[in-house]
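Results of the structural survey
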Amino acid sequence: MMNCCVQTNVTDDGKKIIPPTKPMSCAKSWLQEKTRKTFKKKNLHKRIPILRWLPKYNSEDAVGDLVAGITVGLTVIPQALAYSGIAGLPAAYGLYGSFLGCFVYIFLGSCKDVPVGPSAIVALLTFQVAHGSWQKSVLLCLMCGIVEMLMGLFGLGFLIDFVSGPVSSGFTSAVSLIILTSQVKNILGISAKGTTFVEIWTEIIHNIKDIRASDTILGITCIVVLLIMRLLPSCKIGPKEPHLRSKTQNVINKIIWIVGTSRNAILVILCCIMGVLLHSYHEGTPFKVIGYIPQGLPSFALPPTHLSVNETLTGKEETFVDMMRSMGSGLIVIPLISLMENIAICKAFANGKPVDASQELIAIGAANIANSFVQGFPGTGALSRGAVNNASGVRTPLSNIYSGALVIISLIFFTPYFYYIPNATLAAIIIAAVVFMVEVKVVKPMWRAKKSDLLPGLVTFVACLVLPLEMGILIGVGLNVIFILYSAARPKLSTEILTTPGGTEYLMITPDRCIIFPSVDYVRNLVNKQSLRNNVPVVIDASHIYGADFTAATVIESLLRDFASRRQLIFFYNLKPSICALFESLSPTEFVVYYQEQQLDELLKERDYSQDKLQTVGV
């Protein structure tokens, strides 16, 4: 409810006279207050992080960002070309979504290590939602950006907490296998349609007779070369300690690291040259190539909101409402998965510092909105590029300007040469990257720590392989929520027979968590069962009960009636005052709470209780 301050006068008899207020003056007052809070220095630095680090920017930061930006740019160009294929789109669309969002993230991003652009997981989700339609992919980019922006503005970054580690691992592993599977057809040089793991493999087996030897040999060779080059960044010559190495050794190590880090770009350039040399005007190239990519930057325009008959797979015209309906749950799943990937980068290189998930949602959302106007499909920060960014010595988000500039340069000058890049080479780049995303290593520690956590992870993994990805992740999250609710509905109660300082035995029952509506009947039955078995005064230790609700209060009332009917004493120990007031308001029978251990003897004495008396009654 909106309140505004008004001046009050007082009559002769002391009564206040409140003058009538105008709605417009109240709205103006509220708007002024909101504006004052919004433009506070602290809030501006939080929502526009560039204001925090730009005034401190120096020459060392500039050099670090330049090196990191160029290194990431050499990584993002081949990845963008490859990830377009995962999304079922022409190669150009990956480049279109790799430059404008980078510039936007500089102003709004809170993490220096995040390079915004296409990612393998989001590309696959885009394919499953848009089915290879560039119009729907671009509109999906806009809508996901709007959803991410709204989630960030309303502080909904906490939603990522509902995706547990096992569910995340199961989802990532399944996605990796699906992406790997989707690229097998390019390695073999055959066609295979499908969106799920089972569908794609069925098509591959059906078309295996059409395998092309040249593509297969090239693809397998590229995978082996990439896996070998992946080891180069960890190879060092000379002593282990950098300060003990000579200048020549440090230079050689740096060159080895650059070659290993830029392996994707190097391989693409070499295979592109090979494609040019082997190209024949009559027979073409001996392997399939990505083909024509329009030269120059894309036009700046509003994303398509209507599909004609010739632009749809069904042959029916689709309005904006039809396009939105076809996207379904992807409008929620893709923003959440994008946030998951982005936060994974932030946490990996935050060195223990807190990560503002809501601000990252705003930054990714704004980047996707911008990308949609230059025909990009949804993107986010990719962990592989984030690792390269960090290892390259990135200092601020300004490094994005250099990687984005490289993409622009490639679109203006080099796209005619991209024609000759083999599909098998891009497929090898994807396979060599995603094969390490299958999280097999988490199974063993999870089994040792808590075996039940394997179930939601395994269910998510299987569901994502068999069903569309958005359904798989929703099933995993749903199962995880059921586990949480079951845990809340079945709190653990520890029981032990203790003796008061006066020598009286009593039963101490200690719930390990709050008492809310799913668990109250379970707790009541257990308390009654244990109290009947021991037939001594009962004390409920409420030290861990930090919350309760109306249903809990009504059940506590029933519990007190149960004890009163059999004339057995029950007390509550260390119950929080707010919960005490709630329980007391609904308890017509005696409700006793104490906070010091020695008080228990006094309470028993007041009620004329003796151990012999109760034992006699029990007999």
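So, how was this worked out
- Every residue gets a number counted from 1 within its own chain, in the order that chain's sequence is written.
- For a predicted model such as this one, the threshold for reporting local features is a pLDDT of at least 70, and the threshold for listing and counting side-chain atom pairs is 80 or more; totals across whole chains, interfaces and linings nevertheless cover every residue.
- Working from all heavy atoms in the structure, the side-chain values ignore hydrogens and water.
- UniProt positions are given in the numbering used here, feature names are shortened, and annotations may be inferred rather than shown by experiment.
- To qualify as a helix, a DSSP run of H or I must reach at least 4 residues; to qualify as a strand, a run of E must reach at least 2; elements of each kind are numbered from the N terminus.
- As used in this structure description, the phrase polar contact means that two N or O atoms lie within 3.5 Å; if the pair is within protein, one of them must be able to donate a hydrogen and the other to accept it, and residues adjacent in sequence are counted only when both atoms belong to side chains.
- Any two residues whose heavy atoms approach within 4.5 Å at even a single point are treated as in contact.
- A side-chain nitrogen of Lys or Arg and a carboxyl oxygen of Asp or Glu constitute a salt bridge if their distance falls within 4 Å.
- Between buried and exposed lies partly exposed: a residue is buried under 20% and exposed over 50% of the maximum accessible area for its type, with that area taken using a 1.4 Å probe on protein chains only.
- Note on pairing: DSSP must find at least two bridges between two strands before they are called paired.
- We call a crossover right-handed when, viewed with both strands directed away from the observer, the connection leading from the first strand over the helix to the second proceeds clockwise.
- Side-chain rings of Phe, Tyr and Trp, where Trp is taken by its six-membered ring, are said to pair if the distance between their centres is within 6.5 Å; with planes under 30 degrees apart they count as stacked, over 60 as edge-to-face, and otherwise as tilted.
- In our convention, an over-ring charge means Lys NZ or Arg CZ found within 6 Å of a ring centre and within 35 degrees of that ring's normal.
- Helix span is expected to be 1.5 Å times the residue number reduced by one.

Named according to an unreviewed UniProt entry, the protein is Sodium-independent sulfate anion transporter isoform X2 originating from Musca domestica. UniProt annotates the protein under Subcellular location (unreviewed entry) with the comment "Membrane".

The subject of this paragraph is the side chain of Thr380. Within the secondary structure, Thr380 is located in strand β4 (residues 380-381). Side-chain polar atoms of Thr380 contact the backbone oxygen of Ser338, separated by 2.9 Å. Those residues within four positions of Thr380 in sequence are excluded, and the remaining contacts are Pro115, Val116, Gly117, Ser119, Val122, Ser338, Glu341, Asn342, Ile364 and Arg385.

Attention now goes to the pattern of salt bridges. Following the criterion strictly, the structure yields 9 salt bridges and no others. Across the pair Asp61 and Arg395 runs a salt bridge, and its minimum N-O distance is 3.2 Å. Residue Asp61 is found in helix α4 (residues 59-86), and its partner Arg395 is found in the loop between α17 (383-391) and α18 (400-418); the two are separated by 334 residues along the sequence. By relative accessible area, Arg395 is classed as partly exposed at 38%.

A word on the pairing of strand β7 (residues 538-541). Both faces of β7 are covered, namely the face carrying Val538 and Ile540 and the face carrying Val539 and Asp541. Pairing geometry for strand β6 (residues 505-511) and β7, over 3 bridges, is parallel. Paired with Leu507 across the bridge in β7 is Val538. With respect to chirality, the unit in which β6 leads through helix α23 (residues 520-534) into the neighbouring parallel β7 is right-handed. Looking at chain direction, β7 and strand β8 (residues 570-573) are connected through 4 bridges and run parallel.

Per the counting criterion, the structure on display carries 9 aromatic pairs. Note on Trp53 and Tyr57: the rings are 6.0 Å apart at their centroids and 50° apart in plane angle, and the pair reads as tilted. Residues Tyr93 and Trp134 carry aromatic rings whose centres are separated by 5.8 Å and whose planes lie at 25° to one another, so their mutual orientation is stacked. Note that Tyr93 is positioned in helix α5 (residues 92-96) and Trp134 in helix α8 (residues 134-153), a separation of 41 residues in sequence. Of the aromatic side chains, those joined through ring pairs into one cluster are Tyr93, Tyr96 and Trp134. Positioned above the aromatic ring of Phe436 is the side chain of Arg230, whose terminal nitrogen or guanidinium carbon lies 3.8 Å from the ring centre. Here the basic side chain of Arg566 rests over the ring of Phe563, its NZ or CZ set 4.4 Å away from the ring centre.

The 5 strands are arranged β5-β6-β7-β8-β9 in an open sheet whose pairing can be described as mixed. Edge positions in the sheet fall to β5 (493-499) and β9 (593-594), since each has one partner strand and no second.

Mapped onto the fold, Asn342 is located in helix α15 (residues 330-348). In this structure Asn342 comes out as buried when scored by relative accessible area, which is 0%.

Turning to the pairing of β8, a few remarks are in order. Every second residue of β8 is oriented toward a common face, with Ile570 and Phe572 on one face and Phe571 and Tyr573 on the other, all of them buried. Of the crossover connections in this fold, the one passing from β7 over helix α24 (residues 550-565) to the parallel β8 is right-handed.

This brings us to helix α11 (residues 213-229). Between the first and last C-alpha of α11 there are 24 Å, a value that for 17 residues agrees with the 24 Å anticipated at 1.5 Å per step. Listed as buried for α11 are Asp215, Thr216, Leu218, Gly219, Cys222, Ile223, Leu226 and Met229. Looking at the buried side of α11, the elements it contacts are α9 (165-188), α12 (247-261), α13 (263-278) and α19 (423-434).

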